[in-house]
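# Architecture at a glance
Okay, here's what each chain looks like letter by letter:
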Amino acid sequence: MAAGKGTRLKSKRPKVLHEIGGKLLLTHVIHAAAQVVAPRDIVVIIGHEADKVRAAVGATGVRFVLQAQQLGTGHAMMAAREALQGYDAILVLSGDVPLIRPETIGGVRDFHLANRAAMTLLTAIPADPVGYGRVLRKSARSTEVKAIVEQKALSAAQNKIREINSGIYAFNAKDLWTNIDRLKTDNAHKEYYLTDLAAMLVKAKKKVVAIPAQTAVEVLGANTIAEMMDLDRSFRENKVRQLMAAGVSIYRPETVTIDAEVQVGADTIIEPFVQLFGNTRIGEDCRIRSYSVISNSEIASAVTIRPGCILDEARVACGAIIGPYSHLRPGSDIGENAHVGNFVETKKVRLGKGSKANHLTYLGDAEIGSGVNVGAGTITCNYDGVNKHLTRIEDGVFVGSDSTLVAPVTLGKGAYVAASSCITDDVPADSLAIARSKQTNKDGWARAKREARTAAKK
Ligand code: UD1
Ligand code: CA
């Protein structure tokens, strides 16, 4: 069920397209479900901003049905009726209960089938049950349920019940479809509540059972931004625990922000306040120092990222050293054992094996060979205001400090560029290019000026 607007979020974005752990709520739920059934057997009920939701998760291979008007969770299931013909049993998940684990979904299915129930609900006892539907069991120790009562309809006595309905269910298809049209909207929200089916099925002498989740946190819903951030925190705590269990050292893990899909190899060290986002992959034996923010990048093994680096869609090969304060923008491809140092910005650059650009440099649209030394303050002038041009620096070139390389330009193998040159023409291999005005020294000029000043004061 993913058709709701998420009014309580006060957001322009539909609820299921909010993120926790850098991953859409709905993607979390689909990924979990897809480990229990095949994607083509997953039907996503969309409605509010349906096109956006469909576009965001379409690649997972699920099917969609449209609930054009959102008249409640019961109504959502009515909308899915046709798409679900041919199934004997149906698992229902909520698009806004994202931490659900595949094992738990499988557990609900197994419990449901073993009990031959008409309806099975997954429950939990969270620290704060306020806002959730409560579960009325036939007796305290019975697995059978009498009814689900929504928060707004709770009597004073029912208000004390701490067992909540997670919004995750299994249904016997026949029992679901023969009863669903009997739902009414005589409630606080004037909606068709799927939860009302519990009492309705019990009345029809059908079996409704409940199974508690192992931990409450995996069934918590995200109805408000604050709840969303709580879930984000739980998710990320779990993520760093998983990485540590796999041999990654994460210092002060509570300060580190790591997205769902990030992979990190064993024996890598992550220092406090590091952020790793998106599809980032980091190899073994690396050290990622504090305050580095790395997105969608691929870092091989034994790489050191010194403090304060920003990497976005970059690749870094084995043994390279980056930072402090380097900015590797999309298309940066840093070779084995290369060094990129302080205040160096790179974009669409291949920096070859063992090459160095250690200080205050901009390298954009460049192909740089191996063993190249890029002096402090070097700049590739890649943009003429209309087009971007390529700078080619072949193996073993030495670029003196404060040089500007006006692209398109090639520095041939083994060439040498004198410091502070403005290079506009290609430099042949093994030659020296000097492109700066010649220096003139005026003998005694400074002394004469000083003496003239002292004379004037007297
Ligand atoms: C629901 C349950 C409540 C349970 C809670 C658990 C009902 C009436 N109540 O309440 O017992 O404790 O979940 O999180 O079901 N949706 C649609 N179409 C609609 C309405 C909702 O697809 O017309 C979707 C929403 O996008 C959401 C899910 O159904 O993903 C749950 O809806 P929501 O409004 O959040 O229900 P709760 O008030 O949380
Ligand atoms: Ca909800």
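So, here's what we can say about the structure. (Residues numbered from 1 in each chain as written. Chains lettered and ligands numbered in written order. Predicted model: local features only at pLDDT ≥ 70, side-chain atom pairs only at ≥ 80, totals over all residues. Heavy atoms only, no water.)

## Some points on the overall build of the protein chain
- Along the protein chain, the regular secondary structure elements total eight helices and 36 strands.
- Against the compact-globule benchmark of 23 Å for 458 residues, the protein chain has a radius of gyration of 32 Å, which places it well outside the compact range.
- Across its three principal directions, the C-alpha atoms of the protein chain cover 110 × 60 × 40 Å.
- Burial statistics for the protein chain: of 458 residues in total, 47% are counted as buried.
- Across the protein chain, the fraction of contacts at a sequence separation of at least 24, relative to all contacts at a separation of at least 6, is 36%.
- Of the accessible surface of the protein chain, which amounts to about 22700 Å², a share of 51% is contributed by carbon and sulfur atoms.
- Averaged over its 59 positive side-chain charges, the protein chain has a centre that lies 5 Å from the centre of its 47 negative ones. (Helix = DSSP H or I, 4+ residues; strand = E, 2+ residues; numbered from the N terminus. Rg over C-alpha atoms; globule rule 2.2 N^0.38 Å. Buried < 20%, exposed > 50% of the residue type's maximum accessible area, 1.4 Å probe, protein only. Contact = heavy atoms within 4.5 Å. Areas by Shrake-Rupley, 256 points an atom, 1.4 Å probe, with all protein chains shown as cover. Lys, Arg positive; Asp, Glu negative; His and termini not counted. Charge placed at Lys NZ, Arg CZ, Asp CG, Glu CD.)

## Considerations on the pairing of strand β10 (residues 208–212)
- Of all five residues in β10, four are buried, a share of seventy percent or more.
- Taken together, the five bridges between strand β6 (residues 119–124) and β10 define a ladder with parallel strand orientation. The residue bridging L121 from the neighbouring strand is A210, located in β10. (Pairing = 2+ DSSP bridges.)

## Considerations on the coordination of the calcium ion (ligand 2)
- Only D96 (OD) and N223 (OD1) from the protein coordinate the calcium ion (ligand 2), and they sit 2.2 to 2.5 Å from it. Of this pair, D96 sits in the loop between β5 (89–92) and α4 (102–115) while N223 sits in the loop between β10 and α7 (225–245), placing them 127 residues apart in sequence. Like D96, the residue N223 is buried in the burial classification. (Donors = N, O, S within 2.8 Å, 3.2 Å for Na, K, Ca; no water.)

## Observations regarding the environment of D259
- Inspection of the secondary structure puts D259 in the loop between β12 (257–258) and β13 (263–264).
- Note on D259: relative accessible area 7%, which makes it buried.
- Sequence spacing of D259 and V240 is 19 residues, and the spatial spacing of their C-alpha atoms is 9.5 Å.
- With residues up to four places along the chain from it excluded, the contact list for D259 reads G21, G22, R236, K239, L276, F277 and G278.
- A distance of 2.9 Å separates a polar atom in the side chain of D259 from a polar atom in the side chain of R236.
- Here the side chain of D259 touches G278 through a polar contact of 2.8 Å, landing on its backbone nitrogen. (Polar contact = N/O pair within 3.5 Å; in protein donor to acceptor, adjacent residues only side chain to side chain.)

## Quick notes on the pairing of strand β7 (residues 134–137)
- A two-sided burial pattern is seen for β7, the buried positions comprising R134 and L136 on one face and V135 and R137 on the other.
- Two elements, β7 and strand β8 (residues 145–149), share four bridges in a ladder whose sense is antiparallel. Within β8, the position partnered with R134 by the bridge is V149.

## Here's the deal with α4
- Between its terminal C-alpha atoms α4 stretches 20 Å, which fits the 20 Å expected from 14 residues at 1.5 Å a residue.
- Within the sequence span of α4, burial applies to P102, T104, I105, G106, V108, H112 and N115.
- Within two residues after α4, R116 carries a phi angle of roughly 50°, on the positive side. (Expected span 1.5 Å × (residues − 1).)

## Concerning the site of ligand 1
- Around ligand 1, a shell composed of 25 residues is seen, among which Q67, G72, T73, E150 and N165 lie nearest.
- Between ligand 1 and R8 there is a distance of 3.1 Å, counted from an oxygen atom to a side-chain nitrogen or oxygen.
- Expressed as a share of its isolated accessible area of 750 Å², the protein-covered part of ligand 1 is 90%.
- Among the secondary structure elements, those contributing two or more residues to the shell around ligand 1 are α3 (73–79) and β9 (164–172).
- In terms of residues, the shell around ligand 1 owes the most to one element, β9, which gives three residues.
- Looking at the shell around ligand 1 residue by residue, the classes come out as eight nonpolar, 13 polar and four charged. (Near = heavy atom within 4 Å. Nonpolar A, V, L, I, M, F, W, Y, C, P; charged D, E, K, R; others polar.)

## Here we look at the packing of aromatic side chains
- Summed over all chains, the structure comprises four aromatic pairs.
- A ring pair is formed by Y325 and F343, whose centres lie 5.5 Å apart and whose planes are at 10°; its orientation type is stacked. Highlighted residues: Y325 in the loop between β23 (321–322) and β24 (327–328) and F343 in strand β26 (residues 339–351), separated in sequence by 18 residues.
- By relative accessible area, which is 53% here, F343 ends up exposed. (Phe/Tyr/Trp six-rings, centres within 6.5 Å; stacked < 30°, edge-to-face > 60°.)

## Points about the side chain of T361
- In this structure, T361 sits in strand β27 (residues 356–368).
- For T361, a relative accessible area of 4% puts it in the buried group.
- Side-chain polar atoms of T361 contact the backbone nitrogen of T378, separated by 3.3 Å.
- In this view, T361 contacts F343, V344, E345, V374, G375, A376, G377 and T378; residues no more than four positions away in its chain are not counted.

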